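Working through the structure, step by step
So the chains spell out like this:
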Amino acid sequence: LFAAVEMAPRDPILGLNEQFNADTRPGKVNLGVGVYYDENGKLPLLKCVARAEAAMQADPKARGYLPIDGIAAYDKAVQGLVFGADSAILAAKRVATVQAIGGTGGLKIGADFLKRLNPTAKVLISDPSWENHRALFSNAGFTVETYPYYDAASRGINFEGLLAALSAAAVGTVVVLHACCHNPTGYDLTPAQWEQVVAAVKARGLVAFLDMAYQGFGEGIAEDGAVIQQFLAADLDFFVSTSFSKSFSLYGERVGALSVVCASAEETTKVLSQLKIVIRTNYSNPPTHGAQVVANVLSTPALRQLWEEELAGMRQRIRLMRTALVEALLKAGAQQDLSFVTRQKGMFSYSGLTAAQMQRLRSEFGVYGVDSGRICVAALNEHNLPRVVQAIAAVIHD
Ligand code: LMR
């Protein structure tokens, strides 16, 4: 039966974890996967999460099946966070939100629904994009192409190219956009540029799918979510996937959501019914624990405040590490203008290192990053920084 099965390639991001775990060298550093580690290199258990879990343990509940679309209080909390609790769009019941298995699950539910809705549409992702975007939408049956994004020469965004690609796209094309903290480049559009993107999406009749996996890691929760308000102001129907993996440090709980903005309450009910079919035929209904924790934190004022403080702490530490990385590289003799590292937002720095240089970082120095040149600044700390700097300095000098 399996004689003709070929060996699949390792996942470009999660496959690095496997390699990293198998590496026996002391002092190895994992800057591959997008995970935040604290100043001691430890994966944090946020205090707000620990407190919510303690309260849940004090009053343990049996666990029946959840509704197909998840915990109602969780879906409501997601909507409040993404669209604004008092927003007109929520009052008008124009958003269908379902709990999903992480942000990836939200993307997949949306992709499967879109494929049924418009089987001939193409999907456009940014060049470059999160490695899994192409695979996920291709596996949902779409032809996936790219729109220009990164401009190596200016260490920024090829905005004219991006806009031209959107303006030339066929009606109904699905455009995957990174709401904030672009993965992998770290370069985000300005509000004025977003305005033009929104106008192009509207003018061409495109379908925007906003991937918001890093809300709170750029400038702040509201600031990072501001693009949603711009899409709402243009009165567009669009998709938003949410992830709490990073912002709650709940990676293994797979807590995410998909929200679909519709034209009316009646449409919302119908869209929700279709999303539920996608979920039911894939995994039936979602798991309980992580989403209950997030719902409790977001809807309990003291815990929510604590969460916002802890998220701000992660954001600030990442910024400090960006500055520390640049300073240390300059001290180690780097000649280049490295100011781009501190202009980038979120967990990643698109270093500009080649695949060959990234492979050398791994093989010679035990420093793991993605072959695209992406390194996870959120995994740097003052203990591993010297080794990372020594390694990068060596590969850029040779
Ligand atoms: C990443 O880009 O490293 C994260 O989003 C984790 C993942 O699932 O790839």
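- Looking up the chain in an unreviewed UniProt entry gives the name Aminotransferase, with the organism given as Roseateles violae.
- Under the UniProt heading Cofactor (unreviewed entry), the note attached to the chain is "pyridoxal 5'-phosphate".

1. Focus on the packing of helix α13 (residues 301–331) against helix α16 (residues 385–397)
- At a closest axis distance of 10 Å, the pairing of α13 and α16 adopts a crossing angle of 50°. As far as their axial angle goes, α16 and α13 are oblique. The handedness of the crossing between α13 and α16 comes out as right-handed. Facing A324, L325, A328 and L329 of α13, the residues of α16 in contact are L385, V389, I392 and A393.
- Looking at the contact of α13 with α16 residue by residue, the classes come out as eight nonpolar, no polar and no charged.

2. Structural notes on α13
- For α13, built from 31 residues, the straight-helix expectation of 45 Å at 1.5 Å per residue is met to within 8% by its first-to-last C-alpha distance of 45 Å.
- After α13 finishes, the residue G333 shows a positive phi value of roughly 100°.

3. Concerning the UniProt feature "domain: Aminotransferase class I/classII large" (unreviewed entry) in the chain
- Summarizing the sequence annotation, UniProt attributes the feature "domain: Aminotransferase class I/classII large" (unreviewed entry) to residues 27–392 in the numbering used throughout.
- Strand forms 16% of residues 27–392 and helix 47%; the C-alpha atoms that close the span are 15 Å apart.

4. Points about helix α2 (residues 47–58)
- Between its first and last C-alpha, α2 extends 16 Å over twelve residues, near the 16 Å set by a 1.5 Å rise per residue.
- Those residues of α2 that sit buried are C48, V49 and A52. For α2, the buried positions fall inside an angular range of 100° around the axis, keeping them on one side. In α2, the exposed positions angled more than 90 degrees off the buried face are occupied by A50, A54, Q57 and A58.
- Among the structural elements, α12 (289–299) and α13 are those in contact with the buried residues of α2.

5. Observations regarding the domain arrangement of the chain
- Per the domain assignment, the segments making up the chain are domain 1 (14–45 + 304–397) and domain 2 (66–299).
- On a C-alpha basis, the centroid separation for the pair domain 1 and domain 2 is 27 Å.
- Opposite the 23 residues of domain 1 that make contact, domain 2 presents 23 residues.
- Broken down by secondary-structure element, the contributors of at least two residues to the side of domain 1 that touches domain 2 are α13 and β11 (348–350).

6. A few points about the nonpolar core
- Core analysis: the largest hydrophobic core is formed by 115 residues, its most contacted members being L166, V175, A208, L210, V294, M347 and V377.
- Both domains that furnish three or more residues to this core are identified here as domain 1 (14–45 + 304–397) and domain 2 (66–299).
- Look past the residues within four positions of M347 in its chain and what remains in contact with it is G34, Y36, C181, Y214, F217, K246, I318, C376, V377 and A378.

7. A closer look at the sheet that holds strand β9 (residues 238–243)
- Pairing within the open sheet is mixed, and its seven strands lie in the order β2-β10-β9-β8-β7-β3-β4. Each of the sheet's edge strands pairs with one partner strand only, and the pair in question is β2 (95–101) and β4 (143–148). Within this sheet the neighbouring strands show an average axis-to-axis angle of 25°, counted without direction.
- Sheet analysis places β2 next to strand β10 (residues 255–261), joined by seven bridges and oriented antiparallel. Paired with V98 across the two strands is L258, which belongs to β10.
- Seen against the sheet, helix α7 (residues 159–168) touches β3 (122–127), β4 and β7 (174–178) and runs at an angle of roughly 140° to β4.

8. Focus on the pairing of β9
- Among the six residues of β9, six are classified as buried, and the element is accordingly described as predominantly covered.
- Pairing of strand β8 (residues 207–212) with β9 involves five bridges; the strand directions are parallel. Paired with A208 across the bridge in β9 is F238.
- In the sheet, β9 pairs with β10 via six bridges, with the strands oriented antiparallel. Bridging from a neighbouring strand, S243 pairs with G256 of β10.

Criteria and cut-off values
- Residues numbered from 1 in each chain as written.
- Predicted model: local features only at pLDDT ≥ 70, side-chain atom pairs only at ≥ 80, totals over all residues.
- UniProt positions renumbered as here; feature names shortened; annotations may be inferred.
- Axes fitted to C-alpha atoms, helices over the stretch in contact; angles between N-to-C directions.
- Helix = DSSP H or I, 4+ residues; strand = E, 2+ residues; numbered from the N terminus.
- Parallel < 35°, antiparallel > 145°, perpendicular 65-115°, else oblique.
- Left-handed = near helix turned anticlockwise from the far one by under 90°.
- Contact = placed C-beta atoms within 7 Å.
- Nonpolar A, V, L, I, M, F, W, Y, C, P; charged D, E, K, R; others polar.
- Expected span 1.5 Å × (residues − 1).
- Buried ≥ 20, exposed ≤ 12 C-beta atoms within 10 Å, placed from the backbone.
- Arc of directions from axis to C-beta.
- Domains from an automatic or database assignment.
- Core = buried A, V, L, I, M, F, W, Y, C linked by C-beta atoms within 7 Å.
- Pairing = 2+ DSSP bridges.

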